[in-house]
Amino acid sequence: QVQLVESGGGLVQAGGSLSLSCAVSDRIFAYYVLAWFRQVPGKERECVAVISQSGTTDYGDSVEGRATISKDNAKNTVFLRMTSLKPEDTAVYYCAAGGLGFSKTPEDYGYWGQGTQVTVSS
């Protein structure tokens, strides 16, 4: 069974930082591109960060310079750290795995976690 389980969301003050974790099933961790997306009601799902099987990373324009994606191969876990948080970073953050290449398009990802809410207060 494929599973992605996020943790670490919550309420954060503007200017602060957050760290999210996503535990990924053995079956897909080593073979799929992993990513973090976020979504607010009424808007499309937005890519925050992507990491390839070999560790290459890419980031969404809105978080460039403030986000770091990483993974621990021994623990099958992918992380997202964000700094200098803004109220507009408030969203549900999703971990995703995709087998269609190094992409920032949500349609290219076939496996999703349940999401974790991040709220940034001003």
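Figured I'd write up the structure that's included with this text. None of these values were measured; they are calculated from a predicted model. (Residues numbered from 1 in each chain as written. Predicted model: local features only at pLDDT ≥ 70, side-chain atom pairs only at ≥ 80, totals over all residues. Heavy atoms only, no water.)

**Some remarks on the pattern of salt bridges**
Then comes step 1: Counted under the stated rule, the structure contains 4 salt bridges.
Then comes step 2: Residue arginine 38 pairs with aspartate 89 through a salt bridge whose shortest N-O separation is 2.8 Å. Taken together, the positions of arginine 38 in strand E4 (residues 33-39) and aspartate 89 in the loop between strand E8 (77-82) and strand E9 (91-98) put the pair 51 residues apart, joining distant regions of the chain. An identical accessibility class is assigned to arginine 38 and aspartate 89; each is buried.
Then comes step 3: Between aspartate 58 and lysine 104 there is a salt bridge whose closest N-O contact spans 3.5 Å. With aspartate 58 in strand E6 (residues 57-59) and lysine 104 in the loop between E9 and strand E10 (111-112), the pair connects residues that are 46 residues apart, well separated along the chain.
Then comes step 4: Shared partners join several salt bridges into a network, and the residues in it are Arg38, Glu46, Arg66 and Asp89. (Salt bridge = Lys/Arg side-chain N within 4 Å of Asp/Glu carboxyl O. Helix = DSSP H or I, 4+ residues; strand = E, 2+ residues; numbered from the N terminus. Buried < 20%, exposed > 50% of the residue type's maximum accessible area, 1.4 Å probe, protein only.)

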